[in-house]
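An overview of the molecular structure
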Amino acid sequence: MSLDRYDLKADSNQLSFEFFSDGPKGKIKKIIQFKRLINSEFPNDLFNLGFGDFNDAKGKIDDLVVSNNNDSEKILATVAAASISFTDQHPEAYIIAQGSTPSRTRFYIMGISKNLKQVTDVFEIWGASADGQWEFFQKNKPYKALLAKRK
């Protein structure tokens, strides 16, 4: 995808990535992590995509903080780039993503909807409807969670 994004630093397994958001609130360290989940519905590898600001005091990701650094689209493009890098290393992986709040999940849906052609050139995308059933992603439709698989 050819969207403006931040430079990523990855661990050797492409399971954890870090970058710095740069805006009016300064440089904010962000972390993206892919963690394996066990789920009989998905016979292949299933990974949760975790994302948030790194909280130095607690030494962990804070996925509830709102940084308001005026770079949300660039951040989403950076998360997409990390997902591509991750699936280069783990091509059979399914990635599940759900915002820490319903509004964050809506934000992810809006980001995918806005860049649907570029996203679906690289990934197959599904959304979990209100009743928990997976369906192929439809632009601007409300979903509880998202699922992606590299093409």
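Structural data are supplied above this passage.
First things first, this report covers the structure right here in the doc. Small disclaimer: the values here were computed from a predicted structure and weren't measured. (Residues numbered from 1 in each chain as written. Predicted model: local features only at pLDDT ≥ 70, side-chain atom pairs only at ≥ 80, totals over all residues. Heavy atoms only, no water.)

Counting 27 residues, the largest nonpolar core has Ile32, Phe34, Leu49, Phe51, Phe86, Phe137 and Leu146 as its most contacted members. Top contributing element to this core by residue count: helix H1 (residues 72-89), with five residues. Residues in contact with Phe34, not counting those within four places in the same chain, are Gln14, Leu15, Phe17, Phe47, Asn48, Leu49, Ala82, Ser83, Phe86 and Ile95. Listed in part, the five residues of the second largest apolar core include Leu46, Tyr94, Ile96 and Leu147. (Core = buried A, V, L, I, M, F, W, Y, C linked by side-chain atoms within 4.5 Å. Buried < 20%, exposed > 50% of the residue type's maximum accessible area, 1.4 Å probe, protein only. Helix = DSSP H or I, 4+ residues; strand = E, 2+ residues; numbered from the N terminus. Contact = heavy atoms within 4.5 Å.)

This paragraph deals with H1. Over its 18 residues, H1 runs 26 Å from end to end, which matches the ideal 26 Å to within 8%, given 1.5 Å per residue. Every buried residue belonging to H1 is among Ile75, Ala77, Thr78, Val79, Ala81, Ala82, Ser83, Ile84, Phe86 and Thr87, and all of these are buried. (Expected span 1.5 Å × (residues − 1).)

We note that Gln14 has phi near 60°; this positive angle belongs to a residue other than glycine. Take Gln14: it is sitting in the loop between strand E1 (9-10) and strand E2 (16-23). With a relative accessible area of 15%, Gln14 lands in the buried category. Residues other than glycine seldom take positive phi values, yet Asn68 does so here, at roughly 45°. Relative to the helices and strands, Asn68 resides in the loop between strand E5 (60-62) and H1. For Asn68, a relative accessible area of 51% puts it in the exposed group.

The next thing to look at is the packing of aromatic side chains. The tally for this structure, following the rule as stated, stands at nine aromatic pairs. Taking the centre distance of 6.0 Å and the plane angle of 80° together, the rings of Phe17 and Phe34 count as edge-to-face. You can see Phe17 sitting in strand E2 and its partner Phe34 sitting in strand E3 (residues 26-37), a full 17 residues away along the chain. By relative accessible area, Phe17 is classed as buried at 2%. Residue class for Phe34 comes out buried when judged on its relative accessible area of 3%. Taking 5.7 Å as the distance between ring centres and 25° as the angle between the ring planes, the aromatic pair formed by Trp126 and Phe136 counts as stacked. One end of the pair, Trp126, is in strand E7 (residues 123-128); the other, Phe136, is in strand E8 (residues 134-136), and ten residues separate them in sequence. (Phe/Tyr/Trp six-rings, centres within 6.5 Å; stacked < 30°, edge-to-face > 60°.)

Let's shift gears to the packing of H1 against helix H2 (residues 102-114). Contact geometry for H1 and H2: axes closest at 11 Å, N-to-C directions at 80°. As the angle between them shows, H1 and H2 are arranged roughly perpendicular. Facing H1, whose interface residues are Ser72, Glu73 and Leu76, H2 presents Phe107, Tyr108, Gly111 and Lys114. Considering only residue class, the contact of H1 with H2 consists of three nonpolar, two polar and two charged. (Axes fitted to C-alpha atoms, helices over the stretch in contact; angles between N-to-C directions. Parallel < 35°, antiparallel > 145°, perpendicular 65-115°, else oblique. Nonpolar A, V, L, I, M, F, W, Y, C, P; charged D, E, K, R; others polar.)

Moving on, we come to the pairing of E2. Pairing of E1 with E2 involves two bridges; the strand directions are antiparallel. The residue bridging Ala10 from the neighbouring strand is Phe17, located in E2. Once E1 ends, the chain turns through five residues before running back antiparallel as E2, passing Gln14 with a positive phi of about 60°. Alignment of E2 against E3, held across eight bridges, turns out to be antiparallel. (Pairing = 2+ DSSP bridges.)

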